[in-house]
Structures are given as C-alpha cells and as structure tokens.
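# Inside the fold
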Amino acid sequence: MNRLHLCLLTLIVCTTNVTFSDVNDLVISEFMAVNDSTLEDIDGDFTDCFEVLNTGSTPVNLAGIYATDNLNDPAKWPFPAIELNPGLTIVVFASNKDRRVAGEEPHTNFRLTSVGEDLALVDSDGTTVIHAYLAYPQQIADVSYGLRQTGGGVVTQLISTGDSCTAFVPSNNSLALTWTTRGFNDASWQAGPTGVGYDTGNNPSYLPLIATNVGAQMAGVNSTIYIRVPFTAPANIAEQGLFRLNMKYDDGYRAYINGVEIADKNSQDPSQLADPHLAEAPSSRNESLAVVFEEVVHGGAAGILQPGTNVLAIHGVNRGSGSSDFLMIPELEVESTAQVDITMKAFFTTPTPGGANGTGFPAVATTPILSPNGNLFNGSVNVFQLAAPLGSTFRYTTDGTVPLETSSEFPGGGLSFSESTLLRVRGFELGSAPGQTVTKGYMNVANNVIGFQSPLPIILIDTFGVALRDGNNVGLPDFRNAYMAIFMPVEGQTTITTSTVADIESRIGIRTRGSSSDGSGRDKKSYRFEFRDENDSDQTFTPLGLPRESDWILFGAHNWDRSLLRNPFIYSLSNQIGQYAVRTKPCEVFINSPRNSDPTIAFMTLNDFFGYYTFMESIKRDGNRVDITKLNGNDSNEPNVSGGYIFKIDRDDQGEPGTFSGGGHTFVHVDPDTEVITPSQEAWLSGFLDDFAFDLNSGFFTHPRLGYARHINPATWIDHNILGTFVMNVDAVSYTHLTLPTKA
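Residues numbered from 1 in each chain as written. Predicted model: local features only at pLDDT ≥ 70, side-chain atom pairs only at ≥ 80, totals over all residues. Heavy atoms only, no water.

So, about the overall build of the chain. When helices and strands are counted, the chain shows 7 helices and 44 strands. Dimensions of the chain, computed from the C-alpha atoms along their principal axes, are close to 95 × 80 × 50 Å. Buried positions account for 50% of the 744 residues belonging to the chain. Contacts spanning at least 24 positions in sequence make up 70% of the contacts within the chain whose residues lie at least 6 apart. Working note: accessible area of the chain is about 31900 Å², and carbon and sulfur atoms make up 51% of it. Positive and negative side-chain charges of the chain, numbering 45 and 82 respectively, have mean locations separated by a distance of 7 Å. (Helix = DSSP H or I, 4+ residues; strand = E, 2+ residues; numbered from the N terminus. Buried < 20%, exposed > 50% of the residue type's maximum accessible area, 1.4 Å probe, protein only. Contact = heavy atoms within 4.5 Å. Areas by Shrake-Rupley, 256 points an atom, 1.4 Å probe, with all protein chains shown as cover. Lys, Arg positive; Asp, Glu negative; His and termini not counted. Charge placed at Lys NZ, Arg CZ, Asp CG, Glu CD.)

This brings us to the side chain of S550. Within the secondary structure layout, S550 lies in the loop between β37 (526-532) and β38 (551-555). For S550, a relative accessible area of 1% puts it in the buried group. At 3.4 Å, the side chain of S550 and the side chain of D538 are in polar contact. A distance of 3.2 Å separates a polar atom in the side chain of S550 from a polar atom in the side chain of E549. Residues contacting S550, with those up to four places away along its chain left out, are F529, E530, F531, D538, Q539, T540 and K620. (Polar contact = N/O pair within 3.5 Å; in protein donor to acceptor, adjacent residues only side chain to side chain.)

Our next topic: the sheet that holds strand β23 (residues 339-348). Pairing is antiparallel across the open sheet formed by 5 strands, whose spatial order is β7-β2-β1-β10-β23. Looking along the sheet, the strands with just one partner apiece sit at the ends: β7 (89-94) and β23. Strand-to-strand twist across the sheet, computed as the mean angle between neighbouring axes with direction ignored, equals 35°. Pairing between strand β1 (residues 26-32) and strand β2 (residues 48-54): 6 bridges, direction antiparallel. (Pairing = 2+ DSSP bridges. Axes fitted to C-alpha atoms, helices over the stretch in contact; angles between N-to-C directions.)

This next bit is on the packing of aromatic side chains. Counted under the stated rule, the structure contains 29 aromatic pairs. Where Y198 meets F326, the ring centres are 6.5 Å apart and the plane angle is 25°; that geometry is what we call stacked. You can see Y198 sitting in strand β14 (residues 196-199) and its partner F326 sitting in strand β22 (residues 325-336), a full 128 residues away along the chain. Of the two residues, Y198 and F326, both sit in the buried class. (Phe/Tyr/Trp six-rings, centres within 6.5 Å; stacked < 30°, edge-to-face > 60°.)

On to the pattern of salt bridges. This model, assessed by the stated rule, comprises 27 salt bridges. For D69, the salt bridge goes to K76, with nearest N and O atoms at 2.7 Å. Among the residues examined, D69 registers a relative accessible area of 8% and is labelled buried. In this structure K76 comes out as partly exposed when scored by relative accessible area, which is 24%. Close ionic contact of D695 with R710 constitutes a salt bridge, the shortest N to O distance being 2.8 Å. Note that D695 is positioned in helix α5 (residues 679-696) and R710 in the loop between α5 and α6 (714-726), a separation of 15 residues in sequence. One continuous salt-bridge network, built from bridges that share partners, spans D41, D43, D45, K97, R99 and K630. (Salt bridge = Lys/Arg side-chain N within 4 Å of Asp/Glu carboxyl O.)

This part is about the sheet that holds β37. Sheet strands pair by backbone hydrogen bonding; their relative direction is either parallel or antiparallel. Read once around its circumference, the closed barrel built from 7 strands follows the order β33-β34-β36-β37-β38-β40-β39, with strand pairing classed as mixed. Within this sheet the neighbouring strands show an average axis-to-axis angle of 40°, counted without direction. In terms of strand pairing, β38 meets strand β40 (residues 609-617) through 4 bridges, oriented antiparallel. Bridge pairing in β40 links I553 to M616.

Attention now goes to the pairing of β40. Burial runs high along β40: 7 of the 9 residues are buried. Two strands pair when backbone bridges link them, and strand β39 (residues 584-592) and β40 are joined in this way by 7 bridges, in the antiparallel orientation. Within the sheet, the bridge partner assigned to P586 lies in β40 and is T614.

Between the first and last C-alpha of α5 there are 26 Å, a value that for 18 residues agrees with the 26 Å anticipated at 1.5 Å per step. Turning to α5, its buried residues are Q681, W684, L685, S686, F688, L689, F692, A693 and D695. Buried residues along α5 sit in contact with β41 (645-649), β42 (659-662), β43 (665-671), α6 and β44 (736-740). (Expected span 1.5 Å × (residues − 1).)

In this model, the chain carries a mean pLDDT of 90, and residues with pLDDT of at least 70 account for 95%. A low-confidence stretch, residues 1-20 stays under pLDDT 50, and its non-local contacts, those more than four residues away or across chains, total 63 contacts. (pLDDT = per-residue confidence, 0-100.)

A contiguous nonpolar surface patch, about 280 Å² in accessible area, is contributed by I369, F384 and L386. Looking at where I369 falls in the secondary structure, it is placed in the loop between β23 and β24 (370-371). (Patch = residues over 30% accessible without salt bridge, like charges linked within 9 Å, V, L, I, M, F, W, Y side chains within 5 Å.)

This next bit is on the nonpolar core. Counting 37 residues, the largest nonpolar core has L26, F31, F50 and F79 as the members making the most contacts within it. Contributing elements (two or more residues each) for this core: β1, β2, β7, β8 (119-122), β9 (129-133) and β10 (144-150). Residues in contact with L26, not counting those within four places in the same chain, are V52, L53, N54, V60, L62, I65, L84, L121, I130 and H131. (Core = buried A, V, L, I, M, F, W, Y, C linked by side-chain atoms within 4.5 Å.)

This part covers helix α4 (residues 566-576). Considered for burial, the residues of α4 that qualify are R566, N567, P568, I570 and S574. As for α4, its buried residues are in contact with β38, β39, β40 and α6. With its phi angle positive at about 90°, G578 sits one or two positions after the end of α4.

Following this line, the structure appears as structure tokens:
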C-alpha cells in the first residue's frame, strides 16, 4: 500500500498589513472521491478529500465560506478562519468528521460519492457559488479529478548557505522596520557569510555551522539580532509563485522579503511589543532540531520580488540574552507558478494533493465486462470480454498483478482456462487514463465437488497456488492474496454447481490465526481475512447477513472445542445480556491452497473441504461492533486523550500491531495500532494502567471511589468472568480484549 502523509496546511497565516483578495480567486483544484490508499488523514484513515487553491495575487480569508456536496444545501460546511496565501492550497478531508479548528487539519461533515454528485465552494451569503463540479463523472480509486495546470514547478535558488550577509544587534527601537526594506543602508553592520551565531559552550553541533560569530555583540547583551541577506531576483518575476524558506535556527525568527513578512517561528510580534529590539523567543528550541533545515512556504512571490537586488531580512531571537548559543542559517528558493485552466478538467493517475496537477487525462478508459458471470467451472471454461468501445484495448494478467500497457492483450476470441485462475482485466484507450481493473476468480471444481450440498452457507477460497502455511504445516505470517466466493442457501439448501452464482465474491487478504491452534499437527486452521478491492484497500460487505464490514474471522474449532459450539454459544449469551461480543454464523469451507497433505492446486476437490467453521466478526472499533469513541491524532490532553482505546492481553500473534507496557504487564495495541497511536496517547494509557495496578494493590483497593473500581466498569468484568468460567474457557481470563470506550 502506498501511504502518502502530507503536511496538509500548506499556508501561512498573515498577521499584519494584509490586503485580502476576492473569494472568486478560489477554486477546487483537485479532489479524490475514492481515496483508498493515497492520502492519510491525521487519524491514519484514508478518506475522500479535496484541495482548495488561491489563484489570486493576495491572501483570501476562508472564514464564512462554505463547502458542499449538494447545492440544495449550499451552506453545508463552513470553513474555519484560515488565511490562504496566493498560489497556495489547503487540503480538506471530506470525511464526515466535521472538524473546523484553524491551524488543524480540516474535515467536512459530508463524504463524497464516486459518481454523479456535486462538489462546490459557496460564498458567505450561503447561495453564490464560487466554484463547482456539477454531477461530476464516475471516479475510480486513487485517481483524482480536477483542473489542468501547465508549466510551473521550476525552482530557482536565491540564497544558499554561506552567502554574504550583514548583522546588527540593536540597542533601541530607532530603526523600526526600515531595516527590512531593500533600500536600507547597512554599510556599518557586521559583514560575513551566513551561518550567523555564537556558542559559548563549545557545542560540537553548532561550532562548524557558525561562519559569522556575533557572540561579542549579542551574548549577555541582547536576545535580538537583525540580519540582512541580499539576493538577485530571477528575470521572469511575473512567473514566480512560491517562496520556500529553509532555516536552521535557535531559538526563533521572523522573516521579511523587501519589507513583507513571509514567516515567523517561535517569535514575538514586534507590533505588540513596547521594545521590539528586546524581543525574545517564547521558548527554547531543541538543539537537535536547530541544525536541521525546516521549510516554510509562502505564496505571492511575483508581488514581492523586485528587479535586481532584493533582501531577505531576519529578526533572530534567543530565549534570553544570557543564552549560551544562537544560530541562524537561511536558504531561500522561489518556485514558478503552474497556470490553472478553469475550463479544462482532467483525471490524474498520480494525485498531487498540495502540489500542481499537471495536464492529466480528459477521460478514463472503459471498464471491462467479463462473461461468464459465475465463478465455478468443471474441466475448462471460455471467458469473454464484452465491453468493446471503439479504440479500446483490454489487457490481462493471471499472476495477480494489475494489468499494464505492456501486459498481454485480451484476444477477441476470448480466453480458455483448464485450471483455477485469477483473471484481472483492464481497459486502455489512447489519450485516456487507464481504466478500472476488474478481477474474477474462476475456480475449477472437481466432479466430486459438483453437487455438494449443505443446509449452511458454503465458502470457497482459492489462493491460486499461494501457500498459507510453510513446509512444517505452520501458518505463514502476513496476509496473502486469495479469492473468496460465498454461496447462501436457497430454500434451506446450498448446492455447488457450475451454474451457481456466488452471493458475494471478492479478492481477499488471508492468513492463519492463533498460536496454540496453529501447530504443525493441525491441518484445520483458523483464519483472519479482509475483503479487498482492486487496489488492495478494505472493501465492505454484509456476509451471511452480518453487519457491513471488511474484517472477519473463520474460526475452525478443533480439539479445544469438540462440540463446535462453545464460543458461538457464549458470544450469543453475552449479546443477549447487553454486553457486546462478536456475532457469528455457521458455515462450511473449502480452501484450495498448496499444503503437504494436498499439493494439487489446479482444481478444487473434496480434499480441500475443511468442514464446519464459525464465520465471525473480528474485534474492531465500529458502530456495529465495538462502538467506542475514535481517538484523533490531535488528542494529547485530557479529557480527549482518555478514550477510546482497544488493547489486549495476548501472545504476539503474527501480524499484530505492537506491544506496550502498563501496570507491570505487556499489552498489545489494537486500536489505535502502533502505527497510528501517538507517544502522548501511549504514555497516557500506560499511566492509566500503572494507576490501576497501584490501586488494585493498595490498602484501599475495595474503596468504591479510590480503589480499582474507579478504573473499570465492574459489572462488565463480572459478566465476562461468569461467562468464561461457565464454559471453562481457559483463555477467558488469561487472554482478553479490553476497551476504554469514552472520553472521561
């Protein structure tokens, strides 16, 4: 999975002397209605998103402007107070999470559909449309749609490390901001290369970077210094759009180009100070960060640059005049602006949220239509591709990969298969983006499977030669690609025939599940699996009548439960008394995958029949499963950081998402997993468990307000233990999931 996590707020908040341009300069430059695996939000979710671009020459304040997916409800989602600089963009997630805090990742209160919907920006009057896509065309996964942009992207280096500069430590406010302008006379200032700073403590990280030592003028005297770095503007000023200022700094700064403020980091606003020449950094900066370039982007370069000599002026600040060190190293680039054509819309196979779009494709190639519709055949099958618009070429693979323009062409006379085959087909048309891949698993079922009947649903899984276990019959780690077909009973009976059409068919990722139950002596394994779409992202279904989701378990009871009923029975009792447990359905399962006892994979036989399984939900945060509050990436302080969590006491199962410690025990993260949970959230959870353990072992552990009871819901723990003991479940206490469901 390609995971791109951008810095989404590509903007600068302007604080002084700002002239705002017309909101009509705003456009939705790009959107993804099916963001399966391209761009993560701060919570680690892949949700729909769109990009707003300021095409004007001055900032636009988004406060009071609306976004909507339905022009019958034009004021559906108001933007927070954000000032968007010229040439810059902001990415908004259409996630239905409804977050509108300036400076944080924005999320709308709606989602996008893949076809036929509107997407619009609406002015503050709640009726005037600024820019819109009306009934936009069919969208496909991880391909964006938006406005063509041409040119741009040419980067010119204006200032490099070691370029000449001047520096001055002020003793009064007489200069005001005149020293930030082009025409200011700095002939009396200290001159030298950039790398302005000092270090009285012989810091080996700083000393090699200091080219102009200002310790005599600054250390113990003042926390402020003025620095001027001249540079020459490129000849094509009108084409320039973005400044990229890269700074190594300790502790803070405020930067200007030709008197126009472009950035501030850890500094005080001089207009709010009685003595700006004594300004200090509000906090100290970590020295390990200070020696690494940090980028700030500012738009509107064409309106700031002047022909000939220009000047970058930096008001550098230390935490205090007594600080032992100081460092300022600037580098400055300017990037030419891509020209936006608001009349030309296109599909982009490489989405660029936060960047220029390029020219893209005016359309997407036709989606294939495969026949026969069924999955099962006996002996051989002829497969045809029925969609045939003029100029289209269809290409295919049988090794599980996505077809490319270099893949084999689908013959007009069709394809013939005599072995179980995973067929993937994709359309290509000159001048169009490659089409949506269509996958079909054709399963060759042997004569002894034809006519197989059961009163239960029957599930057929074929890995097409991919092993799920090693040579010792032990499950392999990580999910493996496979194909699943689910057949439901008709009038109380499920029958396997070559004319039977699956109720659900899908690509899946599957792996064995369990530790003790995954021993080499057990041919019947339990499995975790997830339904997958054509891009390996989660796809949701309602299998066997259970609530819609993507992640499931096939539990193969063995010698631990010879009745085959213990777990489903207790899960059902738990749900009946109001304590959520996973819902289950009985089924019978065939799995055609190479293994020691049956290496044959060309067709499915009764040797691939593994009998009765319990089809069940996996434990997952979901409105239909574990309905707990979702933690946001920004939740780091109470009360928000206190919920919700799912974690468990368990062995390290293959593919598990990481462990942590608390209360003297080791736990496994479930949700958020180790890739998403933040250090502050994990620290809070560990501290919570430490407090729980302390109270549990204290002399007042039974106190209703001071003891262990303040950390848990005792009634749910009592119910869980009674149910586990009732059926003598050895794992009920030793291995279990726990939740902290709500924000306290």
